[in-house]
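# Structural overview for review
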2 protein chains.
Amino acid sequence: MSITIKDIAKQAGVSVTTVSRALNGYPDIKPETRQRILRIAAEANYHPSAIARSLVMKKSRAIGLIISELTDLGSGYHMLFDVIRGVNDQAMALGYDLILSATDPEQQREIPYIELCQRRQLEGVVLMGVRTDDPYLKEVLDASVPCALVDIPLTADSCTYVTLDNVQGAKLAVQHLVERGHRRIGLINGHNQAFVSRERWKGYGEGLKEAGIPLREEWVAYGDFEQESGAECIENLLAADPELTAVFCASDIMAIGAIQRLKQLGKRVPEDVAVVGFDGLELTQFLTPSVTTIVQPRHRFGVEAVNLLVRMMAGETPEPIILNPELREGQSTGK
Amino acid sequence: MSITIKDIAKQAGVSVTTVSRALNGYPDIKPETRQRILRIAAEANYHPSAIARSLVMKKSRAIGLIISELTDLGSGYHMLFDVIRGVNDQAMALGYDLILSATDPEQQREIPYIELCQRRQLEGVVLMGVRTDDPYLKEVLDASVPCALVDIPLTADSCTYVTLDNVQGAKLAVQHLVERGHRRIGLINGHNQAFVSRERWKGYGEGLKEAGIPLREEWVAYGDFEQESGAECIENLLAADPELTAVFCASDIMAIGAIQRLKQLGKRVPEDVAVVGFDGLELTQFLTPSVTTIVQPRHRFGVEAVNLLVRMMAGETPEPIILNPELREGQSTGK
DNA sequence: TTGTATGCGTTATCAA
DNA sequence: TTGATAACGCATACAA
């Protein structure tokens, strides 16, 4: 079917060994021979079989991208796409092919991790969207295939991760509000089981402290990252402290819910209550008011995950990568 | 490194042939032998190498998912993710692994299509996000690898596509507005080079005709699927016919732009002007008012693309698949 | 019912 | 500078 190295050898009147070496740039080939072989290969539109090559070299030049549909990170859905692109871009840039495998816990279709790795001889795996308590993770940590986790703060022998400095992100949000003159700032957090929630809570506290504002417990509400919970939480917060003038939400989706409810309650945003979200979703810019948000560099998550991977494949044991958040101003905090 | 069929054979005290056949369910194996082999393989956590198997069987059990970042479909960005999931889900269900390869025209990193197919011995390819006039496409149509196109209405020997019935979709939108009592209905279309634009224009015309409403040229404006153009178009349309009471937009993003501009102009939605969008983006539900939209079954696009592919791989030459749109009511058309 | 031998397309070892 | 030859892990035609 497809043309092989053997065909090229025949055409060029040399052995397959010579062709292989000519194509792979070995020095011990007479220049004219090489030229001839190169020309013939190009004319024949020959491309070496990655499969045969993988078999003999025991290196597949392929990495896996495994996505286990996330649930508890909330709004994670929106994160995925750009991360995928980042992984793809960097993998391609480094000459790796990408094997995508999105599992779905709900549909009971998790692929045995190890099996995929073995079957396709993956050299490494980027894993994302997994809950910290997913049994899946154990399989991964125990395996010997290098693994880069996205937004899952775990390390092991051949496993590390890339995530955001969530503490810093939350702090940025609070600082921004403080600069705008706010002193009574609420927090609508995600549920406390999520790692990021604890981090963002910490950042919120630090932000207040730096501004000399004592943290008040009734300023903090816990949602589930989704829209409806944002609405409920803001209502509760206002009931607890009607003089609240600003709120930081641990997800853009909750911020949207909060803003909608504020409007229903007759409050203006940002005049009566300013709102900051988290994630940097595109859709925040489509809204009126547009939402000030802490932007996660999603594409870079993917890029750095691959970078970590190749370093691990090279035998290194790199430190986790903690990316820096940025604040993007919208209308929801004045401006 | 990884355990092979040879190891199993040794452990079981049989030949590799026997192991191979036992594992692959051939009938000519003594039941007890098979049991023993199966047990040993399971205990050893053995998984056959897809690579070696591909080489000998000349079938890779892998299909490619090639995405060339689209531009002219507009809001296509939002379409991609669910389609990817659909492709992934169905490929996995049918036992195929997925090789993802997103190219990016802007970054000049298109991978030669043929090369990827040859390198990885892909059995078929799903292609999406390509402009109809992309030279890339020619390469594809000429190639012998089966190819399923998403939203690109082209067929060739081993190439067909899946798309939406855009005429019907536009018609649904108009019918919905007519039912709500509207008689002066504008159209904010995408640019005319896009295939879908022509289809939606046609559906718009048919919808009006069925309602006995003569089409008026000043009711039609052409945007570029993006937000800003939606805003400009609605302003132009209202200038041309101030009595317009409804508008159908060929993308949700343009609908959002139109609604924002309408508000700025002091018009209420839907009381003064009702708006229908197109695509069924999730974010339309986060807005106030939420946007009535024509929903594209994005996940099914992916599923059906894979289905087409396997049929082509089996030697069939299936007809294109035209999926049906659905109207999802939001607040932007009353209710 | 099982084993031997061969080949898939490529690279690597060793001789020539 | 080049060419046999073996090997990678597996499936299969043919023999036993």
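Residues numbered from 1 in each chain as written. Chains lettered and ligands numbered in written order. Predicted model: local features only at pLDDT ≥ 70, side-chain atom pairs only at ≥ 80, totals over all residues. Heavy atoms only, no water.

Under an unreviewed UniProt entry, the name given to chain A is LacI family transcriptional regulator, and the source organism is Marinithermofilum abyssi.

## Some words on the environment of threonine 333 of chain A
Residue and element names in this part refer to chain A. What counts is decided by this rule: Under the scheme used here, helices are H or I runs from DSSP no shorter than 4 residues and strands are E runs no shorter than 2 residues, and both carry numbers assigned from the N terminus. Burial here depends on accessible area, computed with a 1.4 Å probe over protein chains only, as a share of the maximum for the residue type. Under 20% is buried, over 50% is exposed, and the range in between is partly exposed. Any two residues whose heavy atoms approach within 4.5 Å at even a single point are treated as in contact. Polar contacts here mean pairs of N or O atoms no more than 3.5 Å apart (in protein, one a potential hydrogen donor and the other a potential acceptor; neighbouring residues in sequence count only if both atoms are side-chain atoms).
Mapped onto the fold, threonine 333 is located in the segment after strand 12 (326-328). On the basis of relative accessible area, threonine 333 is assigned to the buried category, the value being 3%. Between the alpha carbons of threonine 333 and serine 290 there is a distance of 9.2 Å; along the sequence they are 43 residues apart. The contacts of threonine 333, once residues within four sequence positions are left out, are His176, Leu177, Arg180, Pro270, Ala274, Val275, Val276 and Thr292. One polar contact links threonine 333 to histidine 176, side chain to side chain, over a distance of 2.9 Å.

## Some thoughts on the UniProt feature "domain: HTH lacI-type" (unreviewed entry) in chain A
Applied cut-off: UniProt positions are given in the numbering used here, feature names are shortened, and annotations may be inferred rather than shown by experiment.
Under the present numbering, the feature "domain: HTH lacI-type" (unreviewed entry) in UniProt falls on residues 3-57 of chain A. Its end C-alpha atoms 20 Å apart, residues 3-57 of chain A is made of 67% helix and 0% strand.

## A word on the pairing of strand 8 (residues 246-249) of chain B
Put simply, side chains in a regular strand alternate between the two faces of the sheet. All names here are of chain B. What counts, and what does not: Pairing between strands is defined by DSSP: at least two bridges between the two strands are required. Here the term right-handed applies to a crossover when the path leading from its first strand over the helix to its second strand runs clockwise, the strands being oriented away from the viewer.
Burial of strand 8 is two-sided: the residues Ala246 and Phe248 facing one way and the residues Val247 and Cys249 facing the other way are all buried. Sheet topology note: the strand 6 (residues 185-189)/strand 8 ladder contains four bridges and is parallel. Among the inter-strand pairings, isoleucine 185 is bridged to a residue of strand 8, identified as alanine 246. Two elements, strand 8 and strand 9 (residues 274-279), share three bridges in a ladder whose sense is parallel. If you follow alanine 246 over to strand 9, its bridge partner there is alanine 274. With helix 11 (residues 252-264) bridging strand 8 and its parallel neighbour strand 9, the resulting β-α-β unit is right-handed.

## Remarks on the protein's contact with DNA strand C
Formally: Residues are labelled near a given molecule or strand when at least one of their non-hydrogen atoms is within 4 Å of it. Amino acids outside the nonpolar list (Ala, Val, Leu, Ile, Met, Phe, Trp, Tyr, Cys, Pro) and the charged list (Asp, Glu, Lys, Arg) are all regarded as polar, and Gly is one of them.
For DNA strand C, the set of nearby residues contains 27 residues, the closest of which are Ile5 and Tyr46 of chain A together with Thr17, Thr18 and Thr33 of chain B. Taken together, the sugar and phosphate atoms account for 60% of what DNA strand C places within 4 Å of the protein. Contact distances for DNA strand C include 2.5 Å between a phosphate oxygen and a backbone N or O atom of isoleucine 5 of chain A. Those elements that place two or more of their residues in the surface near DNA strand C are helix 1 (5-12), helix 2 (16-23) and helix 4 (50-57) of chain A together with helix 2 (16-23) and helix 4 (50-57) of chain B. Looking at the surface near DNA strand C, the element that brings in the most residues is helix 4 of chain A, giving four residues. Within the surface near DNA strand C, the residues separate by chemical class into eleven nonpolar, nine polar and seven charged.

## Looking at the environment of alanine 239 of chain B
All names here are of chain B. Assignment of secondary structure puts alanine 239 in helix 10 (residues 227-240). You can call alanine 239 exposed: its relative accessible area is 62%. Sequence separation of alanine 239 and glutamate 218 is 21 residues, and the distance between their C-alpha atoms is 9.5 Å.

## Brief notes about the protein's contact with DNA strand D
Among the 28 residues in the neighbourhood of DNA strand D, the closest are listed as Thr18 of chain A together with Ile5, Tyr26, Tyr46 and Arg53 of chain B. Looking at DNA strand D alone, sugar and phosphate atoms form 61% of those within 4 Å of the protein. Here threonine 17 of chain A contributes a side-chain N or O atom positioned 2.8 Å from a base nitrogen of DNA strand D. A distance of 3.3 Å separates a base oxygen of DNA strand D from a polar backbone atom of valine 56 of chain A.

## With respect to the confidence of the model for chain A
Inclusion rule: What pLDDT conveys is the predictor's confidence in a given residue, as a value from 0 to 100.
On average, chain A scores 91 in pLDDT, and the residues at 70 or more come to 94%. Note that pLDDT drops below 50 for residues 71-75 of chain A; the model gives that stretch 14 contacts with residues more than four away or on any other chain.

## Remarks on the nonpolar core
Convention followed: The definition of a nonpolar core used throughout is a set of buried Ala, Val, Leu, Ile, Met, Phe, Trp, Tyr and Cys residues joined through side-chain atoms within 4.5 Å.
Within the largest apolar cluster, 147 residues are counted, with the highest numbers of intra-cluster contacts made by Leu65, Ile188 and Phe248 of chain A together with Leu65 and Ile188 of chain B. Discounting chain neighbours no more than four positions away, the residues touching isoleucine 188 of chain B are Ala221, Gly230, Cys233, Ile234, Leu237, Val247, Phe248, Cys249, Ala250, Met254 and Ala258 of chain B. Membership of the second largest hydrophobic core comes to 41 residues, among which are Ile99, Cys117 and Val145 of chain A together with Leu116 of chain B.

## Looking at helix 8 (residues 166-179) of chain A
Residues and elements named next belong to chain A. Stated formally: What a helix is expected to span follows from its residue count: subtract one and scale by 1.5 Å.
Given a rise of 1.5 Å per residue, 14 residues ought to cover 20 Å, and the 20 Å separating the end C-alpha atoms of helix 8 matches this to within 8%. Burial runs high along helix 8: ten of the 14 residues are buried. Two residues or fewer past helix 8, glycine 181 is found with a positive phi of approximately 95°.

## Observations regarding the relation of the copies chain A and chain B
For the record, the criterion: Residues reaching a pLDDT of at least 70 in both copies supply the C-alpha atoms on which the copies are superposed by least squares.
Screw-axis analysis of chain A against chain B gives a translation of 0.0 Å along the axis, an RMSD of 0.1 Å, and a rotation angle of 180°. On this basis, the relationship between the two copies can be described by a two-fold rotation axis. Proximity to the rotation axis, assessed at the C-alpha, singles out isoleucine 99 of chain A in chain A; its C-alpha lies 2.3 Å from the axis. Looking at chain A, 100% of its interface residues are interface residues in chain B too, so the copies touch through the same face.

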